[in-house]
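Next come the chains, spelled out residue by residue.
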Amino acid sequence: MAMIATAGHAHADPHHIGLVIEHPGPAPKRIVTAYGFWIFLLSDIVMFSCFFAAYAVLSGQTAGGPRGSEIFEPRNVAIETVCLLLSSFTCGMASIAADVRNRFWFYLGMAVTCVLGLIFLAIEFREFADLVARGYGPSRSAFLTAFFSLVGCHGLHVSAGVLWLLTMMAQVFAKGFRADILRRMTCFALFWHALDIIWVAVFSVVYLLGSGA
Amino acid sequence: MLGKLDWSAIPFDQPIPLVAGAVVLVAILAVLIWVVVKGHLPYLWHEWITSVDHKRIGVMYILLASVMLLRGGSDAIMMRIQQAVAYQSQGYLPPEHYNQIFSAHGTIMIFFVAMPFVIGLMNLVVPLQLGVRDVAFPTLNSVGFWLTATGALLVNISLVIGEFARTGWLAFPPLSELSYSPGVGVDYYAWSLQISGVGTLVAGINLVTTVLKLRTKGMNYLRMPMFCWTTLASNLLIVAAFPILTATLAMLLLDRYLGFHFFTNEAGGNVMMFMNLIWAWGHPEVYILVLPAFGIFSEVVSTFSGKALFGYRSMVLATMAICVISFMVWLHHFFTMGAGPDVNAIFGIASMIIAIPTGVKIYNWLFTMYGGRIRFATPMLWSVGFMVTFIVGGLTGVLLAVPPADFMLHNSMFLVAHFHNVIIGGVLFGAFAGFEYWFPKAFGFRLDERWGKAAFWFTFLGFYVTFMPLYIAGMLGMTRRMQHYDVGAWRPWMIIAAVGMAVLSIGVICQIVQLAVSIRNREALRDHTGDPWDGRSLEWAPSSPPPVFNFAFNPDVRGEDAYWDMKAHAKQQSLEHERLEYQDIEMPRNSPTGFICAFFASIMGFALIWHIWWMVILGGLGAFATFVVFAWRDHDEYVIPAEEVAAIDRVNLEERRSLVSMAGAV
Ligand code: HEM
Ligand SMILES: [Cu+2]
């Protein structure tokens, strides 16, 4: 078996019976970093799934408090969604700019991403503050607990993303497009896009389904 | 200013923890003073604390696990004595205290003994077996280790400052909710697991990436040593399961800190949700622990039988099958909580299915031994001891997976006997086998065989004397976590178990003596070949201990049992390499990031437990600053010049050549 494999390696003849494609050795750093970060993102999504599951279990447990349809404001949520989806686009532009080493478009893309992220956070914060002021805070009912936790967890991720974004801009400013900084930029972009995907799920499960019920 | 922390947190009225704490404190201080006075501090700092070398980090993980094994073991001794004496009396421990002991014992043994032990072994060995220079993310690796250490530190602080949880190792609500556990015990529990859980996740990501993306040339999936496969499976489980634990504990903490209602009895909270979430993590967790042990046994059995592993492909398949199925059986942990007969039947059957791949493995080990030239060195003893013990544990597990039987045996001593049977007989025996097997690789000298064998026999016999009586007590109706009892029929079994614990402790002492004796005789036990057991996989190719860069040349793998093949070829062609040009090697630079991160995490964890909010903010800022500084570094690698690589490698080749020519002369 081993002999056949070695032979197949020497002259890559696809018709050779028992051909084993030889593993070429360690992957380049860029791939390893992105791969590891992907795995982290998957595990982060598992964590979100738990909060989604909790929301699914608890969404009917209003304990005499308000239901989803009574407190959600579709217009705000629509603006939030647009902001976030757009920011994913501008983040993509910034990534491309980084790949072609164009500082101006990189800063611009990142700055717009940052502003859109902040608008999103501001709207979310206002929504939360407003609910708490009306006495519908997270300890009012299990439904509100699950709602605040799921949406808030996403919001925390976005906040962390904004902080990370700013450090990325500072790094490029101070050090230019070095290989390690480009690797980090790849990770940041992956992170930001993943938040977008999770938001789509939040939007559908919490706001769309919730407004109907 | 100090949140909930004041003088009442220190248990002046309870002599046992206070004295234990004082002894530990004095011991730590003595070690610290010795280190500083002897001038070892710079060495420790540069060579160990800031090291990002996977071998060093692996060793530190194992050291942490060993120390915590002694702590968890003391708890076990206290519990066994209590149950032996507490017949129709209070015993010597107040109930409050007993509850903390079994909670701390379980938590420590799972999270700070078993986990660091297997992660340490994987860290130490897997890059070597894959023929690579380090793990995928060396600095993160160090962060992961130090965060685990932070968790362990917090648990131990709870011994003297405040209290530990009284809720068992899984902190079920509503008992763990604020209304029933108003103290800081559950907070200690939750924060230390949160912090060490992050460390575990980091280690998991690191090892998965290492196995999938860093293998050396020619190391196809079906040529990886079995231990790499089980490492992959176990770390995939970590990556998929630990976020569940993080989320669950976060919910519990939100309930406790901010009055949320995930698991409360009021306002619509749902306790069953906790059961589902925690066991969706908890059941895979036992396979996270036992799969690497299976890998160790595979390596050991094949090496000491002088044969390739029997049924390698079926082993791989069985490993991955276990990896998947272990996610589908969590509900067998609460058969009795009213899910109904259909659900119970499905989960019962799914649970029993796991026995099939496990059985495949046992047969493969037996067939590997069959017809082999078996050497009963210490690692092999642990492996054979494991096979016998694990079969007993596995069978009682299948019994518990029968829902009607579980209704009788749930939460009884039978269960305690079962899981110790699999966890000691599986994980701990595996850890010891791996420890004895790879020790020469890590330190360059073998362990004393006589003391090793003594340790095995005392532990093995002690284990049976301690835990078999618990099966009987369980069938006689004794439930677990009893501080005292009035049923005479249970008493003799508890006394036998206490005697067994004494025998077991002798085994542990033998192991400590073994270490001491071996260190003293290390010149006589020195391993000059790098291959003391006539091994089969690549970790035996470099010298013992291996140089920082592991391999002077990236090995080129041509089949299963890579190193065995190389040795077979070398006999015909004499030693290779000499024609090859040595090249510069880039290695990651040491970094204090992990240690500093853990420092701030400890501060933050402690502050969170005691509600000292300004300190929380300080810790958080510190952690963020560490992150920025780490991100700002310019040079994270240094170069080992080719001449140096050549010099190091030639010494190794010389030693081997002289041994080969000596063998030729005979
Ligand atoms: C060395 C010998 C050991 C002895 C004598 C021992 C003894 C005990 C005892 C008496 C209990 C409490 C049972 C009760 O609730 O009444 C217990 C619980 C437990 N032990 Fe051990 N143990 C040992 C080793 C270990 C090891 C090595 C592990 C894991 C790696 C472990 C994990 C656990 C866990 C998870 C629990 C459950 C704690 C709880 O009830 O919340 N034990 N053990
Ligand atoms: Cu289970």
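Residues numbered from 1 in each chain as written. Chains lettered and ligands numbered in written order. Predicted model: local features only at pLDDT ≥ 70, side-chain atom pairs only at ≥ 80, totals over all residues. Heavy atoms only, no water.

## So, the overall build of chain B
And then number 1: Helix and strand content of chain B: 21 helices and two strands.
And then number 2: Relative to its length of 666 residues, chain B is compact, with a C-alpha radius of gyration of 25 Å against a globular reference of 26 Å.
And then number 3: Projected onto the principal axes, the alpha-carbon positions of chain B cover approximately 75 × 60 × 45 Å.
And then number 4: The buried share of chain B, reckoned over its 666 residues, is 58%.
And then number 5: Taking the intrachain contacts of chain B between residues at least 6 apart in sequence as the baseline, contacts between residues at least 24 apart amount to 84%.
And then number 6: For chain B, the separation between the mean place of its 38 positive charges and that of its 42 negative charges on side chains is 7 Å. (Helix = DSSP H or I, 4+ residues; strand = E, 2+ residues; numbered from the N terminus. Rg over C-alpha atoms; globule rule 2.2 N^0.38 Å. Buried < 20%, exposed > 50% of the residue type's maximum accessible area, 1.4 Å probe, protein only. Contact = heavy atoms within 4.5 Å. Lys, Arg positive; Asp, Glu negative; His and termini not counted. Charge placed at Lys NZ, Arg CZ, Asp CG, Glu CD.)

## Brief notes about the overall build of chain A
And then number 1: If you tally the helices and strands in chain A, you get seven helices and zero strands.
And then number 2: From first element to last, N terminus to C terminus, chain A shows the α and β order α-α-α-α-α-α-α.
And then number 3: Across the 213 residues in chain A, those meeting the buried criterion constitute 51%.
And then number 4: Put simply, of all contacts in chain A between residues at least 6 apart along the chain, 77% involve residues at least 24 apart.

## A short note on the interface of chain B and chain A
And then number 1: The partner chain A presents 46 residues to the 47 residues of chain B that form the contact.
And then number 2: Where chain B abuts chain A, roughly 3700 Å² becomes buried across the two surfaces, and 68% of that area is made up of carbon and sulfur atoms.
And then number 3: Three residues stand out in chain B for area buried against chain A, namely Lys-213, Phe-260 and Trp-632 of chain B, and they jointly supply 15% of the buried area on that side.
And then number 4: Salt-bridge contacts for Lys-29 of chain A lead to Glu-637 of chain B; the nearest nitrogen and oxygen are separated by 3.1 Å.
And then number 5: At the boundary of chain B and chain A, one finds eight residue pairs in polar contact (both at pLDDT 80 or more). (Buried area = accessible area lost by both parts, 1.4 Å probe. Salt bridge = Lys/Arg side-chain N within 4 Å of Asp/Glu carboxyl O. Polar contact = N/O pair within 3.5 Å; in protein donor to acceptor, adjacent residues only side chain to side chain.)

## Looking at the pattern of salt bridges
And then number 1: The final tally for this structure, using the stated rule, is 14 salt bridges over all chains.
And then number 2: The residue Arg-558 of chain B makes a salt bridge to Asp-556 of chain B at a minimum N-O spacing of 3.8 Å.
And then number 3: Through salt bridges that share partners, Arg-178, Asp-180 and Arg-184 of chain A make up one connected network.

## Observations regarding the coordination of the iron atom of ligand 1
All names here are of chain B.
And then number 1: Ligation of the iron atom of ligand 1 by protein atoms is provided by His-105 (NE2) and His-420 (NE2), these donors lying 2.0 Å from the ion.
And then number 2: Viewed at the metal, the six donor atoms of the iron atom of ligand 1 are separated by angles of 88 to 180 degrees, and the geometry they form is octahedral. In this pair, His-105 sits in helix α4 (residues 95-130) while His-420 sits in helix α14 (residues 413-443), placing the two residues 315 residues apart along the sequence.
And then number 3: For His-105, a relative accessible area of 12% gives the class buried.
And then number 4: His-420 sits in the buried class, given a relative accessible area of 13%. (Donors = N, O, S within 2.8 Å, 3.2 Å for Na, K, Ca; no water. Tetrahedral: all angles 85-135°; square planar, octahedral: opposite > 155°, others 65-115°.)

## Some points on helix α15 (residues 449-475) of chain B
All names here are of chain B.
And then number 1: Across its 27 residues, α15 extends 39 Å between first and last C-alpha, which sits within 8% of the 39 Å expected from 1.5 Å per residue.
And then number 2: The N-cap of α15, judged by a side-chain oxygen 3.1 Å from the amide nitrogen of Arg-450 a few residues on, is Asp-448.
And then number 3: Positive backbone phi, approximately 95 degrees, marks Gly-477, located one or two places after α15. (Expected span 1.5 Å × (residues − 1).)

## Some words on the coordination of the copper ion (ligand 2)
Perfect tetrahedral coordination of a metal by four donors corresponds to 109.5 degrees between them, and perfect octahedral coordination by six donors corresponds to 90 or 180 degrees.
Residues and elements named next belong to chain B.
And then number 1: Protein coordination at the copper ion (ligand 2) comes from His-283 (ND1), His-332 (NE2) and His-333 (NE2), with a distance range of 1.6 to 1.9 Å.
And then number 2: Between consecutive donor residues of the copper ion (ligand 2), the sequence gaps follow H-x48-H-H. With a gap of 49 residues between them, His-283 in helix α8 (residues 271-305) and His-332 in the loop between α9 (312-325) and α10 (341-353) connect regions that are remote in the sequence. In this pair, the class of His-283 matches that of His-332, namely buried.

## Remarks on the packing of helix α6 (residues 185-213) of chain B against helix α7 (residues 226-258) of chain B
All names here are of chain B.
And then number 1: For the pair α6 and α7, the least separation of the axes is 8 Å and the interaxial angle reads 150 degrees. Here α6 lies roughly antiparallel to α7, going by the angle between them. Between α6 and α7 the crossing geometry is left-handed. (Axes fitted to C-alpha atoms, helices over the stretch in contact; angles between N-to-C directions. Parallel < 35°, antiparallel > 145°, perpendicular 65-115°, else oblique. Left-handed = near helix turned anticlockwise from the far one by under 90°.)

## Considerations on a nonpolar patch on the surface
And then number 1: Residues Val-82, Leu-86, Phe-89, Met-93, Ile-96 and Val-100 of chain A make up a contiguous nonpolar surface patch of roughly 590 Å² in combined accessible area.
And then number 2: As for its placement among the helices and strands, Val-82 of chain A is situated in helix α4 (residues 74-99). (Patch = residues over 30% accessible without salt bridge, like charges linked within 9 Å, V, L, I, M, F, W, Y side chains within 5 Å. Areas by Shrake-Rupley, 256 points an atom, 1.4 Å probe, with all protein chains shown as cover.)

## Things to note about the environment of Ser-158 of chain B
Residue and element names in this part refer to chain B.
And then number 1: Here Ser-158 is to be found in the loop between α5 (138-157) and α6.
And then number 2: In sequence terms Ser-158 and Ser-302 are 144 residues apart; their C-alpha atoms lie 44 Å from each other.
And then number 3: Each residue touching Ser-158, except ones within four places of it in the same chain, is listed here: Glu-163, Phe-164 and Tyr-188.

## Observations concerning the packing of helix α11 (residues 355-369) of chain B against helix α12 (residues 378-400) of chain B
Residues and elements named next belong to chain B.
And then number 1: Remark: α11 packs on α12, axes separated minimally by 12 Å, with the N-to-C direction vectors making an angle of 155 degrees. By the angle class used here, α11 and α12 are roughly antiparallel. You can see that α11 and α12 cross each other, and the crossing is left-handed. Residue-level inspection shows Ala-355, Thr-358, Ile-362, Trp-365, Leu-366 and Met-369 of α11 in contact with α12, the latter providing Met-380, Val-384, Phe-386, Met-387, Phe-390, Ile-391 and Val-398.
And then number 2: Looking at the contact of α11 with α12, its residues break down into twelve nonpolar, one polar and no charged. (Nonpolar A, V, L, I, M, F, W, Y, C, P; charged D, E, K, R; others polar.)

## Comments concerning the site of ligand 1
Residues and elements named next belong to chain B.
And then number 1: Looking at ligand 1, there are 23 residues lining it, with His-105, Trp-169, His-420, Arg-481 and Met-501 nearest.
And then number 2: Interatomic distance of 2.8 Å between a backbone N/O atom of Trp-169 and an oxygen atom of ligand 1.
And then number 3: The backbone of Arg-481 places a nitrogen or oxygen atom 2.6 Å from an oxygen atom of ligand 1.
And then number 4: Counting residues per element, the ones that place at least two in the shell around ligand 1 are α3 (54-85), α4, α14 and α16 (491-520).
And then number 5: Residue composition of the shell around ligand 1, by class: 15 nonpolar, five polar and three charged. (Near = heavy atom within 4 Å.)

## Topic: the confidence of the model for chain A
All names here are of chain A.
And then number 1: Overall, the predicted model of chain A reaches an average pLDDT of 85, with 90% of residues at or above 70.
And then number 2: Looking over chain A, one finds the lowest element-wise mean pLDDT in helix α1 (residues 2-10), namely 39, and the highest in helix α2 (residues 29-58), namely 93.
And then number 3: Of the regions scoring below 50 in pLDDT, residues 1-17 engages in 20 contacts with residues more than four places distant in sequence or in other chains. (pLDDT = per-residue confidence, 0-100.)

## Focus: the confidence of the model for chain B
And then number 1: With 97% of its residues at a pLDDT of 70 or more, chain B has an overall mean of 88.
And then number 2: Averaged pLDDT values over the elements of chain B bottom out at 71 in helix α18 (residues 562-573) of chain B and peak at 94 in α7 of chain B.

## Concerning the packing of aromatic side chains
Residue and element names in this part refer to chain B.
And then number 1: Across all of its chains, the model carries 75 aromatic pairs over all chains by this definition.
And then number 2: A centroid spacing of 6.1 Å and a plane angle of 55 degrees characterise the contact between Phe-294 and Phe-386, whose relative ring orientation is tilted. You can see Phe-294 sitting in helix α8 and its partner Phe-386 sitting in helix α12, a full 92 residues away along the chain. Neither Phe-294 nor Phe-386 differs from the other in exposure class; each is buried.
And then number 3: An angle of 70 degrees between the planes, with centres 5.2 Å apart, marks the rings of Tyr-437 and Trp-540 as edge-to-face. With Tyr-437 in helix α14 and Trp-540 in the loop between α17 (522-525) and α18, this residue pair connects regions lying 103 residues apart in the sequence. (Phe/Tyr/Trp six-rings, centres within 6.5 Å; stacked < 30°, edge-to-face > 60°.)

## Observations regarding the nonpolar core
Across soluble globular proteins, nonpolar side chains show a tendency to be buried alongside one another.
And then number 1: Grouped together as the largest cluster of nonpolar side chains are 247 residues, with contacts concentrated most on Phe-147 of chain A together with Trp-281 and Trp-365 of chain B.
And then number 2: The contact partners of Phe-147 of chain A, leaving out residues within four places of it in the chain, are Tyr-55, Phe-72, Glu-127, Phe-128, Leu-131, Gly-152, Val-206 and Tyr-207 of chain A.
And then number 3: Residues Phe-549, Phe-553, Tyr-582 and Ile-585 of chain B belong to the second largest nonpolar core, which totals eleven residues. (Core = buried A, V, L, I, M, F, W, Y, C linked by side-chain atoms within 4.5 Å.)

## Some thoughts on the environment of Leu-249 of chain B
Residues and elements named next belong to chain B.
And then number 1: In this structure, Leu-249 sits in helix α7.
And then number 2: Accessibility expressed as a relative area gives 0% for Leu-249, which makes it buried.
And then number 3: A C-alpha to C-alpha distance of 20 Å links Leu-249 and Ala-598, two positions 349 residues apart in sequence.
And then number 4: Here Leu-249 is in contact with Tyr-189, Ala-190, Leu-193 and Gln-194, once residues within four sequence places are set aside.

## Topic: the side chain of His-54 of chain B
Residue and element names in this part refer to chain B.
And then number 1: With respect to the element layout, His-54 can be found in helix α3.
And then number 2: Here the side chain of His-54 touches Asn-550 through a polar contact of 3.0 Å, side chain to side chain.
And then number 3: If we skip the residues at most four places from it in the chain, His-54 touches Asn-123, Leu-124, Pro-127, Leu-128, Arg-133, Asp-134, Val-135, Asn-141 and Asn-550.

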